[in-house]
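Each chain is listed here by its residues.
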Amino acid sequence: MTTFASLGVPTALVEVLAADGKTEAFPIQADTLTDTLDGADVLGRGRTGSGKTLAFSIPLVAGLAEMEVTRTPGAPTGLVLAPTRELATQIATAIEPLAAALSLRVTTIFGGVSQKRQEDAMRRGADIVVACPGRLEDLVQQRIVRLDNVEITVLDEADHMADLGFLPAVTRILAATPADGQRMLFSATLDNGVDKLVKRFLNKPVMHSVDDSSSPVEQMTHHVFEVAGAGDKTALINTLASGTGRRILFTRTKHQAKKLAKKLTADGIPAVDLHGNLSQAQRDRSLAAFGNGSVRVLVATDVAARGVHVDGIELVVHVDPPAEHKAYLHRSGRTARAGNAGDVVTVCLPEQRRDLRSLLHKAKIQVTPQRVDAGSDAVVTLVGERAAHVTPAPEQPAPQRQARGPRRSGGQSGGRNRGGARAGSRDGGGHSGGRARSEQSGGQSSRSRSGNGHRSATGHPESSTPRTGTAARSGGARSRDGQSNARRGNGRNGNGQVARRHTSSSAR
């Protein structure tokens with residue numbers, strides 16, 4: 001048993017973790033914390049659900065507090081980059097109680113929401129920023145955020161950044177942070193250009209690898225349920241959704257997710273949907289309802305395959321087999337997290353057998369398919385106790401629009417109404433609230449506007465696309481002279497060795 005206290009975690013943070021029931025470190029935490037707390041650059045590899053968030057959150061907060069960083073408006077000293085809004089939000093939620101214990105302030109920056117709140121937060125000053133690359137680049141270019149004070153940088157799920165095409169933006173952002181700062185990179189794999197980031201930005205990193213991303217999770221049980229046709233599939237899905245515990249049902253498309261959630265709710269099984277056609281506020285409401293237990297079923301596209309962590313998800317259902325094995329592993333990884341048990345079911349039609357067999361082979365999953373219907377013993381045993389059906393609330397009729405009066409003669413031209421707003425135009429001169437329409441997979445396109453009306457196009461869950469041009473940077477990737485390093489007192493010496501925070505465990 002390895003406790004956080006024995007690893008040198010500051011007492012204030014140990015107490016916060018203990019209050020949340022966390023006293024023993026998971027393997028990736030136990031392996032990395034000694035190095036990260038000493039200020040070393042670390043490359044951590046571990047599958048989803050292995051505890052990576054705490055592995056970097058603890059040294060991030062402890063390191064900034066030990067340096068006694070000065071809070072400067074618009075210039076954070078800690079930076080965490082994440083590929084999706086949901087993951088950024090959950091990382092910030094994990095960091096906040098730790099940061100509060102050491103009087104540090106945390107904020108998030110990502111697209112799909114109003115930029116003004118983020119501008120205000122930066123003007124007030126934030127020590128740690130958890131951000132998605134697109135919106136962060138927007139704010140850097142607008143000189144709302146500077147990166148030249150960043151002391152500790154974390155890149156989480158770097159492989160997913162690569163899958164989404166964010167690496168050019170990530171490269172520009174990392175280049176804008178000081179070269180002598182501490183950097184931690186966590187990734188399930190090192191392909192698709194992640195290795196280039198490691199070579200360029202990490203200084204003699206210590207590598208820690210805990211479970212390959214394709215390693216099977218011992219507490220996760222896989223099932224393949226074959227059905228005869230579409231009618232049997234519909235009945236099976238309803239049964240799988242009807243248990244008392246939390247479950248996520250994954251669909252291929254946004255339309256399917258919305259339709260299935262609506263149908264389950266109408267059938268007395270309250271469900272919410274999560275996909276790229278929802279606004280950020282709608283996504284937040286769906287996740288909140290699922291997280292607080294007011295609904296037990298979340299129907300989602302691959303936007304929820306990574307970065308969504310809700311305790312106690314007992315079942316993941318692939319309503320349709322995903323397109324490739326990585327998606328299967330990440331979808332499945334929403335259950336059996338942090339040492340808990342969970343089940344994964346893939347529903348298979350006859351015409352999908354061959355593709356599913358190939359997918360499972362690539363994912364290194366060995367499972368014998370079972371021919372079932374909704375009443376089969378295997379299904380009934382898996383589902384267990386059924387939740388009571390809930391009569392859905394009647395839909396409220398849409399409010400009737402008031403009839404417009406006759407147009408005034410001599411009124412404004414250009415199709416303006418009496419309020420002066422051009423029909424079909426966006427208020428505020430830009431796009432209100434930074435609306436974004438996006439999806440995580442399938443290369444679907446989307447458009448967004450930040451609060452200043454800046455337009456970007458992307459196929460990613462973050463509202464702003466990585467740009468191919470050279471990003472404006474405040475401070476840039478600069479070299480520091482002896483005076484600057486002496487002022488900070490925590491840089492690296494001429495041999496690239498860590499020259500800070502070598503204090504005893506008792507001092508921490």
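This is a predicted model, so every value here is computed, not measured.

Q: So what about the sheet that holds strand β8 (residues 220-226)? Which residues, and what values?
A: Ordered in space as β10-β11-β9-β12-β13-β8-β14, the 7 strands form an open sheet in which the pairing is parallel. The two strands at the open ends of the sheet, each matched to only one other strand, are β10 (271-274) and β14 (370-371). Across 4 bridges, β10 lies against strand β11 (residues 297-300) in parallel orientation. Along β11, the bridge assignment pairs Val272 with Leu298.

Q: An account of the pattern of salt bridges is needed here, citing residue identities and associated values.
A: Under the criterion given, the structure shown has 13 salt bridges. Its salt-bridge partner being Asp127, residue Arg71 comes within 2.8 Å of it at the nearest N-O pair. Of the two residues, Arg71 sits in the loop between α3 (52-67) and β2 (78-81) while Asp127 sits in the loop between α5 (115-124) and β4 (128-131), which places them 56 residues apart along the sequence. Residue Asp127 is classed as buried on the basis of its relative accessible area of 2%. In this structure, Asp148 engages Arg146 in a salt bridge whose closest nitrogen and oxygen atoms are separated by 3.1 Å. Accessibility expressed as a relative area gives 11% for Asp148, which makes it buried. Sharing partners across several salt bridges, the network here consists of Lys116, Glu119, Asp120 and Arg123.

Q: Hey, could you go over the side chain of Thr32 for me, with residue numbers and the actual values?
A: For Thr32, the location among the structural elements is in helix α2 (residues 27-37). Discounting chain neighbours no more than four positions away, the residues touching Thr32 are Val42, Ala55 and His208.

Q: Give a detailed account of the environment of Leu139, specifying residues and quantitative values.
A: Tracing the backbone shows Leu139 in helix α6 (residues 133-141). For Leu139, a relative accessible area of 0% puts it in the buried group. Each C-alpha atom, one on Leu139 and one on Ile109, is 9.0 Å from the other, the two residues being 30 residues apart in sequence. In contact with Leu139, other than residues within four places in its own chain, are Ile109, Gln115, Gln118, Ile144 and Val145.

About the criteria used
Residues numbered from 1 in each chain as written. Predicted model: local features only at pLDDT ≥ 70, side-chain atom pairs only at ≥ 80, totals over all residues. Heavy atoms only, no water. Pairing = 2+ DSSP bridges. Helix = DSSP H or I, 4+ residues; strand = E, 2+ residues; numbered from the N terminus. Salt bridge = Lys/Arg side-chain N within 4 Å of Asp/Glu carboxyl O. Buried < 20%, exposed > 50% of the residue type's maximum accessible area, 1.4 Å probe, protein only. Contact = heavy atoms within 4.5 Å.

Distances and angles like these do not, on their own, reveal function.
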